[in-house]
Every structure is written in C-alpha cells, then in structure tokens.
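If you want the building blocks of each chain, they are given just below.
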Amino acid sequence: MTNITQEMIEDELAKITLGNKKSILEANIVEGISHKDGHIQISLYANKSNIEEIEKIGKIIEKKFTTIKGVMSITAVLTNEPTKEEKSKKLSKDKSVNKIEGVKNIIAIASGKGGVGKSTVSINLASAFSLIGKKVGILDADIHGPSIPHMLGLKGKPELNSKKKIVPFEFRGMKVMSIGFLVDEDQPVVWRGPMVHSAIKQMATDTDWGDLDILIIDMPPGTGDAQITVSQHLPLNGAIIVSTPQPVALNDAIKAIGMFKKVNIDILGIIENMSYLLLADGTKENIFGENGAKEMSKNLNIKFINEIPLDKKIRESSDNGVPFVFTELKGQINEIFTSSAKKIEKILESKL
Ligand SMILES: Nc1ncnc2c1ncn2[C@@H]1O[C@H](COP(=O)(O)OP(=O)(O)OP(=O)(O)O)[C@@H](O)[C@H]1O
Ligand SMILES: [Mg+2]
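Predicted model only: the values in this text are computed from it and were never measured.

A. How the structure looks around the side chain of Ser43. Residue position: Ser43 is located in strand 2 (residues 39-46). Within polar-contact distance, the side chain of Ser43 engages the side chain of Glu31 at 2.7 Å. Not counting residues up to four positions away in its chain, the partners in contact with Ser43 are Ile29, Val30, Glu31, Gly32, Val77 and Thr79.

B. How the structure looks around unusual backbone geometry. With a phi close to 65°, Asn28 is a non-glycine residue in the positive phi region. On the secondary structure map, Asn28 appears in the loop between helix 1 (6-14) and strand 1 (30-36). At Lys164, a position not held by glycine, the phi torsion is positive, near 65°. Position of Lys164 among the secondary structure elements: in the loop between helix 5 (148-151) and strand 6 (169-171).

C. Broad picture of the domain arrangement of the protein. If you check the domain split of the protein, you get domain 1 (6-81) and domain 2 (97-350). Placing a centre on the C-alpha atoms of domain 1 and another on those of domain 2 gives a separation of 33 Å. Taken together, the contact pairs 8 residues of domain 1 with 9 residues of domain 2. Taken together, both faces of the contact between domain 1 and domain 2 bury some 760 Å²; the carbon and sulfur share is 48%. Considering only the side of domain 1, the residues that lose the most area to domain 2 are Glu7, Glu10 and Glu26, jointly responsible for 48% of the buried surface there. Applying the counting criterion to the domain 1 and domain 2 interface returns 1 salt bridge. With a closest N to O distance of 3.3 Å, Lys201 and Glu10 form a salt bridge. Summed over the shared surface of domain 1 and domain 2, the number is 3 residue pairs in polar contact (both at pLDDT 80 or more). Within the side of domain 1 that touches domain 2, the residues separate by chemical class into 1 nonpolar, 1 polar and 6 charged.

D. Representation of the pairing of strand 10 (residues 267-278). Summarising burial for strand 10: 9 of the 12 residues are buried, a large majority. In this structure, strand 9 (residues 238-243) lies alongside strand 10, joined through 5 bridges in parallel fashion. Counterpart to Ala239 in the pairing with strand 10 is Ile267. Across 5 bridges, the pairing between strand 10 and strand 12 (residues 304-310) is parallel. Each residue of the ladder has a partner; that of Ile270, found in strand 12, is Phe304. Bridging between strand 10 and strand 11 (residues 284-285) involves 2 bridges; their strand directions are antiparallel. Within strand 11, the position partnered with Leu278 by the bridge is Lys284. Counted along the chain from strand 10 to the antiparallel partner strand 11, the turn is 5 residues long, and its residue Gly282 has a positive phi close to 90°.

E. Structural context of the site of ligand 1. With respect to spatial proximity, 17 residues lie near ligand 1, and among them Gly115, Lys118, Ser119, Thr120 and Pro309 are the closest. The backbone of Gly117 places a nitrogen or oxygen atom 2.9 Å from an oxygen atom of ligand 1. Asp311 places a polar main-chain atom, nitrogen or oxygen, 3.0 Å from a nitrogen atom of ligand 1. For ligand 1, whose unbound accessible area comes to 630 Å², protein coverage reaches 80%. For the shell around ligand 1, the secondary structure elements donating two or more residues are helix 4 (118-131), strand 10, strand 12 and helix 10 (312-319). Ranked by residues supplied to the shell around ligand 1, first place goes to helix 4 with 3 residues. Per-class residue counts for the shell around ligand 1 are 7 nonpolar, 6 polar and 4 charged.

What counts and what doesn't
- Residues numbered from 1 in each chain as written.
- Chains lettered and ligands numbered in written order.
- Predicted model: local features only at pLDDT ≥ 70, side-chain atom pairs only at ≥ 80, totals over all residues.
- Heavy atoms only, no water.
- Helix = DSSP H or I, 4+ residues; strand = E, 2+ residues; numbered from the N terminus.
- Polar contact = N/O pair within 3.5 Å; in protein donor to acceptor, adjacent residues only side chain to side chain.
- Contact = heavy atoms within 4.5 Å.
- Domains from an automatic or database assignment.
- Buried area = accessible area lost by both parts, 1.4 Å probe.
- Salt bridge = Lys/Arg side-chain N within 4 Å of Asp/Glu carboxyl O.
- Nonpolar A, V, L, I, M, F, W, Y, C, P; charged D, E, K, R; others polar.
- Buried < 20%, exposed > 50% of the residue type's maximum accessible area, 1.4 Å probe, protein only.
- Pairing = 2+ DSSP bridges.
- Near = heavy atom within 4 Å.
- Areas by Shrake-Rupley, 256 points an atom, 1.4 Å probe, with all protein chains shown as cover.

Written out as structure tokens, the structure is:
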C-alpha cells in the first residue's frame, strides 16, 4: 500500500488554486492536516464572505484525494477563520513545532530583484558571524540558480549519516547546504511549485546542522514558491532585504517586503548593496543613486543595517571561492560586514 505522508498531502493541496490563482496553501486557508493510515482530514478556514468558495474547495479536495492510491478516506471540514491576532499566535506556536533541531536563529536573505547581491551578502554575513564566534550554517534556497557552491568553492554530493540525515558541507567551520550539491550543474531542472516546496523543506529539515547560533538562508529573487515555502514552513526569525539603490530595485524590494509582511514574517532590516564606488582619493561615487534604500527604510519604518560598496575585490573573492570577509580580515569592507552581523545580532536579541 502507498504510504500517505504529510508531504504528499501538502503537494496535492499546493496544486489546488483559488479564483485568484493562488494556491490554497499560499492563501493560508488550510488550518491543519491530520492523517493516519491513509485516513485524512483537512480543515479549512472560512469566514462569512468566502464560505461558499471554501465549501467548493472542500469538495474539490475530497474529489481529488479519493483518486489517490493509498487514501482510505478523506474529509474536508470548515473552521471559523481566526482574527489576525489569533492567527499570529498560532503561527508562532506552529513555528516551535517545526523547529529545526539545534538551530537557534534562522534568517532569510531576500530581494525583489535578481542579481542585487543576496548570495554575496549571505556568504559574507555568514563569514562575519563566524569570525565573531558564532556557529553558522548557510542554506542556499536558490533552486533555480544556486551560487553558493561556486562562491565557497565547494563541489560534490553530500552523504547521509547513520540517522539518515544529510551531512552538510563545511567551509571554515560553517555548515553549508545547497540544492547545487544535489542536482547536476549542467542539467537544467524545471521546478514546479510542489517540488520547490519539498526540496527546500527537505534541505532545511533533513540536514544535520548540529548546533547553530544562526542559519542564513540565501533566497532566490522575487516572491515565488520558494519564498512562500520558507516563510510558511520554516521557523524564520525574519528576513533581511538586500537592494541596490536604483528605483527599479527599490520598487521590487518593496514588493518583497509586502509579501513577507503578508505572511507575518518580520523584516529585520535592509542592506543596501553596491551603494557606491570608493575612489582612490577616498571619495564615494554613487553610481546607482544616493540614499535610496535608506529613504525607503525610513518610509517603511524598517531598520537600515548598512551600505556595502561596489568593489572589484568582493566580486573576485566570490569567484575565487572564498568570501571577501575571509580574504581581508581587516579594513573598511570587512568592518561593514562585521558591524552588519553585530547589528543583526542585536536586532534578533531585541525580538526575543
Ligand atoms: N558589493 C559588490 N561589489 C562587487 N561585486 C558585487 C557586489 N555584490 C555582488 N557583486 C557581484 O554581482 C554579481 C551578483 O551578485 P549575487 O550573485 O550575490 O546576487 P544575487 O542577488 O544573489 O543574484 P541572484 O538573484 O541571481 O541570486 C556577482 O557576480 C557578485 O560577485
Ligand atoms: Mg543568489
């Protein structure tokens, strides 16, 4: 008999969409899933205004699951949608349930636009945390274009330990896991929503991270399936938004911030990357404009963490497989990453 798992059920639910094309998982209408020996019960939130639509969804779920091998019975029940306050309480309760063993804090490094430097910021922040004595993990959740293996000069396939957990790679004491270790570099993988969901969840929860003070998740750009999985299924402390100073990047950053807020994820702060070019005489040239992200953070009431200059050595160090922070242990840029790590540490403490 096919064993029905939580993951299979979630994958099927993720395929069911509402009128607005959002999956019912994404739209947060699934209150809970319980299953035993192929008997499944799914409870759905409904309120006065959407009860008819949710009832229909319930019927669709029942019809769909009846055809799945191994399903002995399926019932969809409606429950009263809780108020916003009750919802956020439930979310924090769920988070403790899903806790990744041994991992104290989890932060996502996200952006609206691609190529603004999330991966660069992730590895350098991670390195800075490590150099101030923290136990650090890096999870590359960019399933479409994982760049962490390249940036840390790591290659190969991870092994499983006796507990059937994935043994993460290590870079100078930091634990590293990336989808890049699991798929072939030159083989394009077309990921659908549910696959994105299970790949990220599996990497996060099936990796033997050991004891970590902080796990840094390098996100793909935008507000798609990966963001939804990470925000809804991992116990995130919050997200750091990376943006470059020009208006197009800032507009996309605002969208990403909106998405995280909608799913009750705190925005811990904003980092502006490629803020300026440091000229030989010590002056700054603001190639992409000035103070864009700073202004944005003020307007949105979000902490501004730091500005990081555009510097050839930052790019070169990443391409050489060693984060800049490890290549220059002193100096202005190292100081910027170190102070960013310390600021984030303070922000995390203030939220306890
Ligand atoms: N401050 C910087 N100075 C110089 N080069 C940088 C800086 N930040 C990032 N880069 C370079 O810009 C490129 C894009 O950076 P990165 O891959 O970190 O962006 P990303 O936001 O993770 O991209 P994607 O959205 O594709 O995941 C890389 O070649 C990186 O080395
Ligand atoms: Mg990246």
